[in-house]
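Inside the fold
Listed below are the residues making up each chain.
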Amino acid sequence: MTFRQKFYWIFFFFFFTFIFINNEWHDSVSGKKFEVFNPANEEKICEVAEGDKADIDKAVKAARKAFELGSPWRTMDASERGRLLNKLADLVERDRLTLATMEAIDGGKLFSTAYLMDLGACIKTIRYCAGWADKIHGRTVPMDGNFFTFTRHEPVGVCGQIIPWNFPLVMFIWKIAPALCCGNTVVVKPAEQTPLSALYMGSLIKEAGFPPGVVNIVPGFGPTAGAAISHHMDIDKVSFTGSTEVGKLIKEAAGKTNLKRVTLELGGKSPNIIFADADLDEAVEFAHVGLFYHQGQCCIAGSRIFVEEPIYDEFVRRSIERAKKYTLGDPLSPGVQQGPQIDKEQFQKILDLIESGKKEGAKLECGGGPWGNKGYFIQPTVFSNVTDDMRIAKEEIFGPVQQIMKFKTIDEVIKRANNTTYGLAAAVFTKDIDKALTFAAALQAGTVWVNCYSALSAQCPFGGFKMSGNGRELGEYGLQEYTEVKTVTIKIPQKNS
Amino acid sequence: MKKQGSHSNPAPVLPALPEPLKDLKIKYTKIFINNEWHDSVSGKKFEVFNPANEEKICEVAEGDKADIDKAVKAARKAFELGSPWRTMDASERGRLLNKLADLVERDRLTLATMEAIDGGKLFSTAYLMDLGACIKTIRYCAGWADKIHGRTVPMDGNFFTFTRHEPVGVCGQIIPWNFPLVMFIWKIAPALCCGNTVVVKPAEQTPLSALYMGSLIKEAGFPPGVVNIVPGFGPTAGAAISHHMDIDKVSFTGSTEVGKLIKEAAGKTNLKRVTLELGGKSPNIIFADADLDEAVEFAHVGLFYHQGQCCIAGSRIFVEEPIYDEFVRRSIERAKKYTLGDPLSPGVQQGPQIDKEQFQKILDLIESGKKEGAKLECGGGPWGNKGYFIQPTVFSNVTDDMRIAKEEIFGPVQQIMKFKTIDEVIKRANNTTYGLAAAVFTKDIDKALTFAAALQAGTVWVNCYSALSAQCPFGGFKMSGNGRELGEYGLQEYTEVKTVTIKIPQKNS
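Residues numbered from 1 in each chain as written. Chains lettered and ligands numbered in written order. Predicted model: local features only at pLDDT ≥ 70, side-chain atom pairs only at ≥ 80, totals over all residues. Heavy atoms only, no water.

This is how it is decided: UniProt positions are given in the numbering used here, feature names are shortened, and annotations may be inferred rather than shown by experiment.
The name an unreviewed UniProt entry assigns to chain B is retinal dehydrogenase, from the organism Chrysolophus pictus. Quoted verbatim from the Subunit (unreviewed entry) heading of the UniProt record, the comment on chain B is "Homotetramer." Its UniProt record gives chain B a comment under Sequence similarities (unreviewed entry), which states: "Belongs to the aldehyde dehydrogenase family."

If you look chain A up in an unreviewed UniProt entry, it shows as Aldehyde dehydrogenase 1 family member A1 from Chrysolophus pictus. A UniProt comment under Sequence similarities (unreviewed entry) is attached to chain A, and it reads "Belongs to the aldehyde dehydrogenase family."

Below, the structure written as structure tokens:
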């Protein structure tokens, strides 16, 4: 048996292919299952129970019960919630190799990236949130009149959380860790392309000692299980990471049904602005990784690179050279630098956008088509002489396709950078302090990088301006999204300051 | 009215009550954009009525989508980087707000008379309570303007990271008719303090005080385009706001039914941020160990204030069995003491409902109470032959399945029910999709703090009702709303957080 075959057999043997409710593994109510594929070779990995509305209903009931006043979870010390989260981080550390291998096989993610970056981020994020649990402070408020007034920062309640396929485990952790740290219970729907690491986490959550019903995991599809969450009358909040198109449907559904609170992390078409006074080597490298990381499948991808005219030609030359250095192949193999796209739908969409770039007159510098005869591989592609009206300059590609455009003045590039309904991230490369701080204010994006790209960490709030999202995740701000504020005002005989 | 103080400790001094202005002239009846007065693009006007006598007060320009578009353009321009408003010191925003408060104080009598005539509000209440709250709220927000703190963040790696708490942008704000001026202030003051620009749509029933504020906003010195006011109707001007592709945030106070449409529209269009303050069916729980006189009085005012037209009305009163009969007896006695009439006349204690639609809805719910078997203790029908007056009405022996126990009435109709145990009343109190406010009357500390945690409501009062102030965050659990207004928390709703991460050669703690 190859390592992969052994892995499949072991994984299947541990039965983490079922729905996780109340710390137990359940078949789907319908009995249906769906197939999970390895995008590097299009082979089936296993089958997983397919959750639908009936399973979401079961999960919500369990989460609601676990959230009842007087329950183990509600009466637990906040510090104990933190201890459980730290225990969970320990278990993820223990099983880092299993989880990283799983992410690579299920998500087409380079094994080295999964092990070093994704798993590293997961462990750090859980521990960061664990530390907040007993530091969630309400306020006392000096209200007018003879009253004693304070606020309770209560958990929102039952939270439906819908996870994308590009960073399956990292996004799972970004969702559950802040939610649990604030005392909520959750019903999680991982992406149908990548349910495996989430389900494995179910076993760790149980092992760590979280009470039954606190975390429930229902694999399934968007239009069924996902829609059941966004429409559910007994879910208090929905949190979604994915496309802007689906994010809109979710907010609409929340309004139509029970006004559940909504946090959205959506798409982007993030501008990366390179001035002539930047460190050119660094700028080229950050711009390259900022686009090509994980085959371009990042919401923050720097997919519009604006280069100041004097250095434009040199920047393009070095970017092409950098993009040509790639070995594509099986994400598990050492030495491979680029894996496959996640599935056929994405694959087709990216190729279609590449064709539009050619047709609309951008200059194809390298790549420009598929690679290999198996799996969803696309050659690293660079377009130069891109203009703002082209589809590749306006639409989110989510693939290994880099757009390089030219600019002359500050006012011009600020306008062009902000000329989008997206607003997730942006960057500027310059050594000049005035330029750096001007752009920090002027760019309409939730995160602005100066002389770097993709620098994220659990301490930093992350989210979108405009149609890239609603709300912020992580940092201290992320707690607000998982908190419902209650004001308590008690009449007293006489107030004193 | 808010009851403050005790026998040994006098309440804060309220100003002396003057007489309302006779012959109030309505000067401002047009659309306010860029500190100028405009006709509606269509040329249309609509009529504004006095609900005490159903007479027309005046006509006001009727804004529709085209006017909202004009207003948004003005607000967007005023919000541009480099504009006077964006480059202004935060402390200067605070100074302008304090100046506005000064002007409201100067024109207190005019505004109070206007609220009474336009909104059917008792003049004494408008002058003492509504205008008092407006002035205090503006000053409270003025004080925050230069205290909106971003953070520096100890991020992993060699980075210097900070957050900017930027204004959200152009905010559409839709105001209800029950507290027209107070709600106008609750909306614009936090928004302006954080640096936003606004497009405000006052309720079609009560546009006058908002338009008057336009003149004060200009006089105070706010740059053109920072505040724009477009009177009009919900399905036209209001919907234009909720659907607008260039409005960054919408804030709405009104019914849950319309709140849902607004959130849906936000999702369908441009994912604008949404804050909602919606309806309620708030439980007021009275234990046998409460001070009975105080409980009766707070429960009474907590329901009947402003003719029952409050989102926080304590419209389900749960009384512990041992004191139930006595509580009902005293509540009836209290409700019978009313003089109804013209809100401007001294000695009048109850004014009209706002309009015919509300009037009919309340009478319909009263009939349902009779039909479904509640005991009508007093009132139960209309009053007078002009204006939308309804007799103060008390129902006892109300059960949870009756319409009057489930639906928001928004009228002078009090429901009194009986309960036995703590667990029972917690369940019954929370058994609603609403969650705006709640109260418990008890001297027992354990009961008080148990209910403070157990009641699913954005505000919980202990041994009082309706105690609100600008320092306190206000908003709903569940379907009573999304988000909080006022207090420090209210600033978050008008802030868009930007994380800036700068690479540095070496970080040191």
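A closer look at the overall build of chain B
Our working definition: Every helix listed is a DSSP run of H or I at least four residues long, and every strand listed is a run of E at least two residues long, numbered separately from the N terminus. The globule rule used here is 2.2 Å times the number of residues to the 0.38 power, and the radius of gyration it is set against is calculated over C-alpha atoms. Under the scheme applied here, a residue whose accessible area is under 20% of the maximum for its type counts as buried, over 50% as exposed, and between as partly exposed, the area being computed with a 1.4 Å probe on protein chains only. In what follows, a contact means two residues having at least one pair of non-hydrogen atoms within 4.5 Å. Accessible surface area values rest on a Shrake-Rupley calculation with a 1.4 Å probe, where residue burial reflects the displayed protein chains alone. Counted as positive: Lys and Arg. Counted as negative: Asp and Glu, with His and the chain ends omitted from the count. Charged side chains are reduced to one point each, which is NZ for Lys, CZ for Arg, CG for Asp and CD for Glu.
Of regular secondary structure, chain B possesses 16 helices and 22 strands. The C-alpha atoms of chain B give 23 Å as radius of gyration, which agrees with the globular expectation for 509 residues (23 Å, within 12%). If one aligns the C-alpha atoms of chain B with their principal axes, the spans along those axes are about 75 × 60 × 50 Å. For chain B, the proportion of its 509 residues judged to be buried stands at 63%. Within chain B, contacts between residues separated by at least 24 positions form 75% of all contacts whose residues are at least 6 apart in sequence. Total accessible area on chain B is roughly 18,600 Å²; 53% of this is exposed by carbon and sulfur atoms. Each charge class in chain B was averaged separately, 61 positive and 60 negative side chains, and the resulting centres sit 3 Å apart.

Considerations on the UniProt feature "active site" (unreviewed entry) in chain A
All names here are of chain A. According to UniProt, the "active site" (unreviewed entry) feature falls on Glu265. Of note, Glu265 is situated in strand β11 (residues 261-265). Residues contacting Glu265, with those up to four places away along its chain left out, are Phe240, Thr241, Gly242, Leu424, Phe462, Gly463, Gly464, Ser468, Gly471, Arg472 and Glu473.

Details of the sheet that holds strand β14 (residues 375-378) of chain B
What counts, and what does not: At least two bridges found by DSSP between two strands are what make those strands a pair. Under this scheme, a helix contributes an axis fitted over its contacting stretch, all axes are lines through C-alpha atoms, and angles between N-to-C directions fall in the 0 to 180 degree range.
Read across the open sheet, the 10 strands follow the order β5(A)-β6(A)-β22(A)-β20(B)-β19(B)-β12(B)-β13(B)-β18(B)-β17(B)-β14(B); overall the sheet is mixed. In this open sheet, the two edge strands, each paired with only one partner strand, are β5 (140-141) of chain A together with β14 of chain B. Pairing analysis gives nine bridges linking strand β6 (residues 147-155) of chain A to strand β22 (residues 483-491) of chain A, with the strands arranged antiparallel. Bridge pairing in β22(A) links A:Phe148 to A:Ile490. Across the sheet, helix α12 (residues 356-371) of chain B touches β14, β17 (393-396) and β18 (413-419) of chain B, and the angle it forms with β17(B) is around 30 degrees.

A few points about the pattern of salt bridges
Once their charged atoms are close, side chains differing in charge can pair, the charge on each being opposite to the other. Which entries qualify depends on this criterion: By definition, a salt bridge exists where a carboxyl oxygen of Asp or Glu is found within 4 Å of a side-chain nitrogen of Lys or Arg.
All chains considered together, the criterion is met by 80 salt bridges over all chains. A salt bridge links A:Asp144 to B:Lys136, with the nearest nitrogen and oxygen atoms 3.2 Å apart. Here B:Lys136 lies in helix α5 (residues 123-144) and A:Asp144 lies in the loop between β5 and β6, a pairing that spans two chains. A:Asp144 gets classed as partly exposed once you look at its relative accessible area, which sits at 22%. With its nearest N and O atoms 3.9 Å apart, the salt bridge here joins B:Lys420 to B:Glu321. One end of the pair, B:Lys420, is in the loop between β18 and α14 (422-430); the other, B:Glu321, is in the loop between β13 (316-320) and α11 (324-335), with 99 residues separating them in the sequence. Residue classification places B:Glu321 among the partly exposed positions, given a relative accessible area of 37%. Several salt bridges share partner residues, and in doing so they unite A:Asp281, A:Glu314, A:Arg317, A:Arg318 and A:Glu321 into one network.

Quick word on the packing of helix α4 (residues 78-94) of chain A against helix α7 (residues 168-181) of chain A
Residue and element names in this part refer to chain A. Put simply, the rule is: An angle below 35 degrees is read as roughly parallel, one above 145 as roughly antiparallel, one from 65 to 115 as roughly perpendicular, and any other as oblique.
Between α4 and α7, whose axes approach to 9 Å, the crossing angle comes to 155 degrees. In terms of axis orientation, α4 runs roughly antiparallel to α7. Facing Arg81, Leu85 and Leu88 of α4, the residues of α7 in contact are Ile176, Ala177, Leu180 and Cys181.

Here we look at the nonpolar core
Inside soluble globular proteins, nonpolar side chains tend to come together where they are buried. Heads up, the rule is: Only buried Ala, Val, Leu, Ile, Met, Phe, Trp, Tyr and Cys residues count toward a nonpolar core, and they belong to the same one when joined by side-chain atoms within 4.5 Å.
Counting residues in each nonpolar core, the largest one holds 103 residues, and the members touching the most others are B:Leu100, B:Phe184, B:Met213, B:Ile217, B:Phe222, B:Ile286 and B:Phe327. Per-element accounting of this core gives the leading share, 12 residues, to α5(B). Core analysis: the next-biggest nonpolar cluster, separate from the first, contains 100 residues, A:Leu91, A:Val214, A:Leu280 and A:Phe462 among them.

A short note on the pairing of β11(A)
Here is the key point about a regular strand: its side chains alternate between the two faces of the sheet. Residues and elements named next belong to chain A. The buried count for β11 comes to five of five residues, which makes it a mostly enclosed element. In β11, alternate side chains face the same way, and those of Arg261, Thr263 and Glu265 on one face and Val262 and Leu264 on the other are all buried. Sheet analysis places strand β10 (residues 237-241) next to β11, joined by five bridges and oriented parallel. Looking at the pairing, Val238 lines up with Val262 of β11. Note that β11 and strand β21 (residues 469-470) share two bridges and pair antiparallel. When the sheet's bridge partners are listed, Glu265 is paired in β21 with Gly469.

Concerning the state of the cysteines
Residues and elements named next belong to chain B. Formally: Two cysteine sulfur atoms make up a disulfide if the distance between them is within 2.5 Å.
Within this structure, the stated rule accounts for zero disulfides over all chains. Not engaged in a disulfide, the cysteine Cys310 finds its nearest cysteine sulfur in Cys311; these two sulfurs lie 6.8 Å apart. When its relative accessible area of 8% is taken as the criterion, Cys310 is described as buried.

Here's the deal with the UniProt feature "active site" (unreviewed entry) in chain B
Residues and elements named next belong to chain B. If you check UniProt for "active site" (unreviewed entry), the listed places come out as Glu277 in our numbering. Along the polypeptide, Glu277 turns up in strand β11 (residues 273-277). A residue is classified by how much of its surface remains accessible, and Glu277, at 3% relative accessible area, is buried. Residues contacting Glu277, with those up to four places away along its chain left out, are Phe252, Thr253, Gly254, Leu436, Phe474, Gly475, Gly476, Ser480, Gly483, Arg484 and Glu485.

Describing the packing of helix α10 (residues 244-256) of chain A against helix α9 (residues 256-268) of chain B
Just so we agree on the cut-off: Ten residue types, Ala, Val, Leu, Ile, Met, Phe, Trp, Tyr, Cys and Pro, are classed as nonpolar, four, Asp, Glu, Lys and Arg, as charged, and the remainder, Gly among them, as polar.
α9(B) packs onto α10(A) with a crossing angle of 175 degrees between their chain directions and a minimal axis gap of 7 Å. Taken together, α10(A) and α9(B) sit at an angle that is classed as roughly antiparallel. Packed against α10(A), whose contacting residues are A:Lys248, A:Lys251, A:Glu252, A:Ala254, A:Gly255 and A:Lys256, the element α9(B) presents B:Lys260, B:Lys263, B:Glu264, B:Ala266, B:Gly267 and B:Lys268 at the interface. For the contact of α10(A) with α9(B), a count of residues per class yields two nonpolar, two polar and eight charged.

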